[in-house]
Amino acid sequence: NAGVTQTPKFQVLKTGQSMTLQCAQDMNHNSMYWYRQDPGMGLRLIYYSASEGTTDKGEVPNGYNVSRLNKREFSLRLESAAPSQTSVYFCASSESVAGVTQYFGPGTRLTVL
Amino acid sequence: GDSVTQMEGPVTLSEEACLTINCTYTATGYPSLFWYVQYPGEGLQLLLKATKADDKGSNKGFEATYRKETTSFHLEKGSVQVSDSAVYFCALTHNYGQNFVFGPGTRLSVLP
């Protein structure tokens, strides 16, 4: 099984450009998540989707939008990238949001110039 | 709100040394506690977990015991290897629909 996959692995954007980060899981999980990882701050939740058809804001949603395309796929969109969004982005999935293990993708390293 | 505090490091040890990475948490109720490990260039992987007080999680020679009285979940290993070099994250989640809260991570470097 591939688990959780993310594309692209690396991306460089100029300020104001837009892009979509893609995430897919093949574990038939109901819940999916987007995190960003910044030095010294651990992982912070951007958005999550408890189940297909629902999305909710996490700790740091400003500047981002998400789409739960189907049960497998959960995308993260930056409409107008800013240097403050330079980070490593991780997608994760789990059977539900209630106290169970999350499984992470390999990450996307994004640099905004 | 909930929070997780852990020593940030970096922690540098010689091979076969003993390891302890401290983790304490602030949370209502009885969260589940986790240690995740991130190897260079990779995503996070679950290392071990404990779901109730006094439970001990263990995996790959690592152990951590859920201490409700001290709100702690310290990670320990008796003899580290070079291959244990990674960043270790302590995390918690509740059983009633809350999401994960991660600590800042502790970078471990093990020298041969």
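Look up: the structure comes first, before these words.
Here we summarise the structure given alongside this text. Just so it is clear, the model here is predicted, and its values are computed rather than measured.

Let's shift gears to the overall build of chain A. Within chain A, the regular secondary structure consists of zero helices and eleven strands. Shown N-terminal to C-terminal, the secondary structure of chain A runs as helices and strands in the order β-β-β-β-β-β-β-β-β-β-β. Computed over its C-alpha atoms, the radius of gyration of chain A comes to 13 Å, within 12% of the 13 Å expected for a compact globule of 113 residues. Expressed along its principal axes, the backbone C-alpha trace of chain A runs to roughly 35 × 25 × 25 Å. Sequence separation of 24 or more characterises 56% of the internal contacts of chain A that already satisfy a separation of 6 or more. Looking at chain A as shown, the accessible area adds up to about 5200 Å², and 48% of this sits on carbon and sulfur atoms. Side chains of chain A give 10 positive and 8 negative charges; the mean places of these two sets differ by 8 Å.

Residue and element names in this part refer to chain A. Tracing the backbone shows C23 in strand β3 (residues 19–25). Residue class for C23 comes out buried when judged on its relative accessible area of 3%. Each C-alpha atom of the pair C23 and M41 lies 23 Å from the other, and the pair is 18 residues apart in sequence.

Residues and elements named next belong to chain A. By the definition in use, this model includes six salt bridges over all chains. In this structure, R77 and E79 form a salt bridge, with 3.2 Å as the shortest nitrogen-oxygen distance. Within this structure, R36, D38 and R44 form a network of salt bridges that share partners.

Right, let's get into the interface of chain B and chain A. Counting from both sides, the interface comprises 22 residues of chain B and, opposite them, 19 residues of chain A. Area buried by chain B at its contact with chain A is led by B:L44, B:N99 and B:F102, which between them contribute 34% of it. Seen at the junction of chain B and chain A, the total is zero salt bridges. There are three residue pairs in polar contact (both at pLDDT 80 or more) connecting chain B and chain A. Among the elements of the structure, β5 (32–38), β6 (44–50) and β10 (86–93) of chain B are those that each provide at least two residues to the side of chain B that touches chain A. At four residues, β5(B) tops the list of elements feeding residues into the side of chain B that touches chain A. Each residue belonging to the side of chain B that touches chain A can be placed in one class, and the counts come to eight nonpolar, eleven polar and three charged.

The subject of this paragraph is the state of the cysteines. Counted according to the given criterion, the structure contains two disulfides over all chains. Bridging A:C23 to A:C91, the disulfide has an S-S length of 1.8 Å. In this structure the cystine formed by A:C23 and A:C91 twists about its S-S bond by roughly -70°; its chirality is therefore left-handed. Residue A:C23 is found in strand β3, and its partner A:C91 is found in strand β9 (residues 87–94); the two are separated by 68 residues along the sequence. A relative accessible area of 0% means that A:C91 is categorised as buried. Linked covalently through their sulfurs, B:C23 and B:C90 form a disulfide whose S-S length is 1.9 Å. Here the S-S torsion is close to -70°, and the disulfide linking B:C23 with B:C90 is therefore left-handed. Of the two residues, B:C23 is situated in strand β4 (residues 23–26) and B:C90 in strand β10; the sequence distance between them amounts to 67 residues.

Among the secondary structure elements, A:P106 is positioned in the loop between β10 (103–104) and β11 (108–112). Sequence spacing of A:P106 and A:Q6 is 100 residues, and the spatial spacing of their C-alpha atoms is 6.7 Å. In contact with A:P106, not counting residues within four places along its chain, are A:V4, A:Q6, A:F90, B:G41, B:E42 and B:G43.

Attention now goes to the side chain of A:R68. Residues and elements named next belong to chain A. Summarising the element assignment, R68 is placed in strand β7 (residues 64–68). Here R68 occupies a buried position and makes no salt bridge, while the nearest side chain of opposite charge, E52, is found at 6.2 Å. From its side chain, R68 meets the backbone oxygen of N30 in a polar contact 3.0 Å long. Engagement of the side chain of R68 in a polar contact is seen with the backbone oxygen of N70, the distance being 3.0 Å. For R68, the residues in contact, after removing those within four places along its chain, are Q25, H29, N30, S31, M32, S49, S51, E52, G53, T55, E73 and F74.

What counts and how
Residues numbered from 1 in each chain as written. Chains lettered and ligands numbered in written order. Predicted model: local features only at pLDDT ≥ 70, side-chain atom pairs only at ≥ 80, totals over all residues. Heavy atoms only, no water. Helix = DSSP H or I, 4+ residues; strand = E, 2+ residues; numbered from the N terminus. Rg over C-alpha atoms; globule rule 2.2 N^0.38 Å. Contact = heavy atoms within 4.5 Å. Areas by Shrake-Rupley, 256 points an atom, 1.4 Å probe, with all protein chains shown as cover. Lys, Arg positive; Asp, Glu negative; His and termini not counted. Charge placed at Lys NZ, Arg CZ, Asp CG, Glu CD. Buried < 20%, exposed > 50% of the residue type's maximum accessible area, 1.4 Å probe, protein only. Salt bridge = Lys/Arg side-chain N within 4 Å of Asp/Glu carboxyl O. Buried area = accessible area lost by both parts, 1.4 Å probe. Polar contact = N/O pair within 3.5 Å; in protein donor to acceptor, adjacent residues only side chain to side chain. Nonpolar A, V, L, I, M, F, W, Y, C, P; charged D, E, K, R; others polar. Disulfide = S-S within 2.5 Å.

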